[in-house]
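A closer look at the structure
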Amino acid sequence: MNILILGPQGSGKGTQAQRIAVSYGLAHIATGDMLRQSIAAETEFGRRVKPIYEAGELVPDDLMIGLIRERLEQDDVEDGFILDGFPRTMAQAEALDAMLREIERPVTVVLQLDVPEDVCVARLSKRAQEEGRVDDTPEAIRTRLALYRRETEPVIEHYRAQGNLVVIHGDRPVDEVFAEIQQALEQAAVRQ
Ligand code: AMP
């Protein structure tokens, strides 16, 4: 299975993606984690993206597309993958569609974690206190949610039009959300 998971920051996307990857034996490709690793390792790429990341802005499409292109060339992708945090813009979605066509790995299902914005803000503020993530300042949170509305919601419409979008009600306990995801994945597997 090749899965995309979309949802605003604070929707529980990372938590659910991790569970899906473990349960179904998929490669978990999380662009936010990849960026945090590069920043921590102080690579040239990490130094370049650090200020963008910290401000809650989007890293330029060409850099993100290059990162994903390289990642999709790795062997573990052959057993299926879940892509978490990408694509976030229409340019990324179009590039991804082309890359997946090229390597003949079509998307099985696109999951959209639907969570009201005020719930996301509350969860992110809590995470800021607990984990101290540098991009969880009130200003960066506002920037990220505004960018989600402007840049990522069109991506949701793009996959809805393609017919492989499943909306998951994310404003519930983690286990209930995961159960709904499992059902959606079983149905998607049957349709294939
Ligand atoms: P996340 O951990 O998915 O919430 O991502 C954290 C931050 O990494 C975002 O606020 C962006 O600055 C950056 N980022 C992650 N994925 C992407 C992407 N696909 N395109 C642009 N920026 C990204």
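Overview of the structure.

Rules used in this analysis
- Residues numbered from 1 in each chain as written.
- Predicted model: local features only at pLDDT ≥ 70, side-chain atom pairs only at ≥ 80, totals over all residues.
- Heavy atoms only, no water.
- Helix = DSSP H or I, 4+ residues; strand = E, 2+ residues; numbered from the N terminus.
- Rg over C-alpha atoms; globule rule 2.2 N^0.38 Å.
- Contact = heavy atoms within 4.5 Å.
- Near = heavy atom within 4 Å.
- Polar contact = N/O pair within 3.5 Å; in protein donor to acceptor, adjacent residues only side chain to side chain.
- Areas by Shrake-Rupley, 256 points an atom, 1.4 Å probe, with all protein chains shown as cover.
- Nonpolar A, V, L, I, M, F, W, Y, C, P; charged D, E, K, R; others polar.
- Core = buried A, V, L, I, M, F, W, Y, C linked by side-chain atoms within 4.5 Å.
- Buried < 20%, exposed > 50% of the residue type's maximum accessible area, 1.4 Å probe, protein only.
- Expected span 1.5 Å × (residues − 1).

1. What to know about the overall build of the protein
- Each helix and strand counted, the protein has eight helices and five strands in total.
- Going residue by residue from the N terminus, the α and β elements of the protein occur as β-α-β-α-α-α-β-α-β-α-α-β-α.
- Here the C-alpha radius of gyration of the protein, 16 Å, is about what a compact globule of 192 residues would show, namely 16 Å.
- Oriented by its inertia axes, the alpha-carbon framework of the protein measures out at about 45 × 35 × 30 Å.
- For the protein, long-range pairs separated by at least 24 residues make up 76% of all intrachain contacts whose partners lie at least 6 apart in sequence.

2. Quick word on the site of the ligand
- Looking at the ligand, there are 18 residues lining it, with Thr 31, Glu 57, Gly 85, Arg 88 and Gln 92 nearest.
- Separating an oxygen atom of the ligand from a side-chain N or O atom of Arg 36 is a distance of 3.0 Å.
- Compared with its free state, where it exposes 480 Å², the ligand has 96% of that area covered by protein.
- In terms of residues, the shell around the ligand owes the most to one element, helix α2 (residues 31-40), which gives four residues.
- Class assignment for the residues of the shell around the ligand results in six nonpolar, five polar and seven charged.

3. Examining the nonpolar core
- Membership of the largest hydrophobic core comes to 32 residues, with the highest contact counts inside it found for Ile 29, Ile 68, Leu 72, Phe 81, Leu 83, Leu 96 and Tyr 159.
- When contributions to this core are tallied by element, the ones reaching two or more residues are β1 (2-6), β2 (27-30), α2, α3 (44-55), α4 (61-72), β3 (81-84), α5 (90-102) and α7 (138-162).
- Per-element accounting of this core gives the leading share, six residues, to α4.
- Beyond its immediate chain neighbours, meaning those up to four positions away, Phe 81 contacts Met 1, Asn 2, Ile 3, Leu 26, Ala 27, Ile 29, Leu 72, Leu 100 and Arg 105.
- Formed by 17 residues, the second largest nonpolar core is a distinct cluster that contains Ile 20, Leu 111, Phe 178 and Ala 184.

4. Some thoughts on α7
- Given a rise of 1.5 Å per residue, 25 residues ought to cover 36 Å, and the 35 Å separating the end C-alpha atoms of α7 matches this to within 8%.
- Buried residues of α7: Ala 140, Ile 141, Arg 144, Leu 145, Leu 147, Tyr 148, Thr 152, Val 155, Ile 156, His 158 and Tyr 159, and no others.
- The inward-facing, buried residues of α7 contact β1, α3, α5, β4 (109-114), α6 (117-131) and β5 (165-169).
- Positive phi appears at Gly 163, one or two residues downstream of α7, with a value of about 90 degrees.

5. Quick word on the environment of Val 177
- Locating Val 177 in the fold gives a position in helix α8 (residues 174-191).
- Apart from the residues lying within four places of it in its own chain, the contact partners of Val 177 are Gln 16, Leu 113, Ile 168, His 169, Gly 170 and Arg 172.

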